[in-house]
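# Breakdown of the fold
Residue strings, one per chain:
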Amino acid sequence: MKRFLKWTLGVMLGLLVLAFAGLSYLAGSPKDALYMARYALPHMHRGTLKVGDDAPDARLLALDGQTRFHIRERTAGRPLVLVFGSFT
Amino acid sequence: MQIYNDYKEHADFLTVYVREAHPTDEWQMKSNVKDDVCYAQPKTLEQRMAIANDFTKRFKYPLPFGVDDMANAADLAYSAWPERLYIIDEHGYIAYRGGMGPFNYKPDEARAWLAGRYGEVKHPEKTEAAPAPKKS
């Protein structure tokens, strides 16, 4: 039984090290992997939207800081390409 | 953004600015320091607006632009962070759903959807003229 536990723990630790190595490779370095795990992964969601779904709406603020408009206001007549992102 | 120049006669475009991906107080990238793109994560809508305006001015960004609210309503509705592309058709349905950026952010897929609908369009790339050499 002890031997089984030892092996299980060993395999789990190995997988953890592999996962961290993979994340480090993706992020660029072990430090980036830690930051990625702390700051990025909690905000990354695959989401449930799929092709054919009704497009959700949300209210946005224009660059003038005053005008508010809805995404769905921009979908009448022609397709709308939505580009989500930030500066950094 | 070439895809915008190529297809703006056929489709509307809207950039939605969402919460920062690599602010100075979270996961800052060396490339952002090198490019002098250093901002803390906005805590107010005014701060978010200021960064969005910096961005559009710095790059003379031509696309229509909207800023997500501090509740991140658009981001949450579209699972958009850190970057993502969608196309909504003229009836209000999702026609193309891009993958999560940066690894699955693929403008070529959106371009392929537009090309399938409107045909291949490729205008010459606009390049800014190099500054004239200073006279000594």
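What you are looking at is a predicted structure, and each value in this text was computed from that prediction instead of being measured. (Residues numbered from 1 in each chain as written. Chains lettered and ligands numbered in written order. Predicted model: local features only at pLDDT ≥ 70, side-chain atom pairs only at ≥ 80, totals over all residues.)

### Points about the overall build of chain A
- Along chain A, the regular secondary structure elements total two helices and three strands.
- Starting at the N terminus and ending at the C terminus, chain A contains elements arranged as α-α-β-β-β.
- Compactness check: chain A gives a C-alpha radius of gyration of 22 Å against a globular reference of 12 Å for 88 residues, more than 25% above the reference.
- With the C-alpha coordinates aligned to their principal axes, the bounding extent of chain A is approximately 65 × 30 × 20 Å. (Helix = DSSP H or I, 4+ residues; strand = E, 2+ residues; numbered from the N terminus. Rg over C-alpha atoms; globule rule 2.2 N^0.38 Å.)

### Considerations on helix α5 (residues 107–118) of chain B
- With 12 residues, α5(B) should reach 16 Å at 1.5 Å per residue; the first-to-last C-alpha distance of 16 Å fits that figure.
- For α5(B), the full list of buried residues reads B:A110, B:W113 and B:L114. Down the axis, α5(B) shows its buried residues gathered within 95 degrees of arc, on one side only. In α5(B), those exposed residues whose orientation departs by more than 90 degrees from the buried face are B:D108 and B:G116.
- Looking at the buried residues of α5(B), the elements they touch are β3 (80–85) of chain A together with α1 (2–7), β3 (84–88) and β4 (94–97) of chain B.
- After α5(B) finishes, the residue B:G119 shows a positive phi value of roughly 90 degrees. (Expected span 1.5 Å × (residues − 1). Buried ≥ 20, exposed ≤ 12 C-beta atoms within 10 Å, placed from the backbone. Arc of directions from axis to C-beta. Contact = placed C-beta atoms within 7 Å.)

### Comments concerning helix α1 (residues 2–27) of chain A
All names here are of chain A.
- For α1, built from 26 residues, the straight-helix expectation of 38 Å at 1.5 Å per residue is met to within 8% by its first-to-last C-alpha distance of 37 Å.
- For α1, the tally of buried residues reaches only zero of 26 residues, placing the bulk of the element at the surface.
- G28 sits one or two residues past α1 and shows a positive phi near 120 degrees.

### Regarding the interface of chain B and chain A
- Between chain B and chain A, the contact holds 57 residues from the first and 41 residues from the second.
- Broken down by secondary-structure element, the contributors of at least two residues to the side of chain B that touches chain A are β1 (12–17), α3 (45–58), β2 (65–67), α4 (73–78), β3 and β4 of chain B.
- For the side of chain B that touches chain A, the element with the highest residue contribution is α3(B), accounting for eight residues.
- Split into classes, the residues belonging to the side of chain B that touches chain A amount to 36 nonpolar, nine polar and 12 charged.
- Taken together, the five bridges between β3(A) and β3(B) define a ladder with antiparallel strand orientation. Looking at β3(B), one finds that A:L82 is bridged to B:Y86. (Nonpolar A, V, L, I, M, F, W, Y, C, P; charged D, E, K, R; others polar. Pairing = 2+ DSSP bridges.)

### Examining the confidence of the model for chain A
- Overall, the prediction assigns chain A a mean pLDDT of 90, with 100% of residues at 70 or greater.
- Per-element mean pLDDT across chain A ranges from 84 in helix α2 (residues 30–40) of chain A up to 97 in β3(A). (pLDDT = per-residue confidence, 0-100.)

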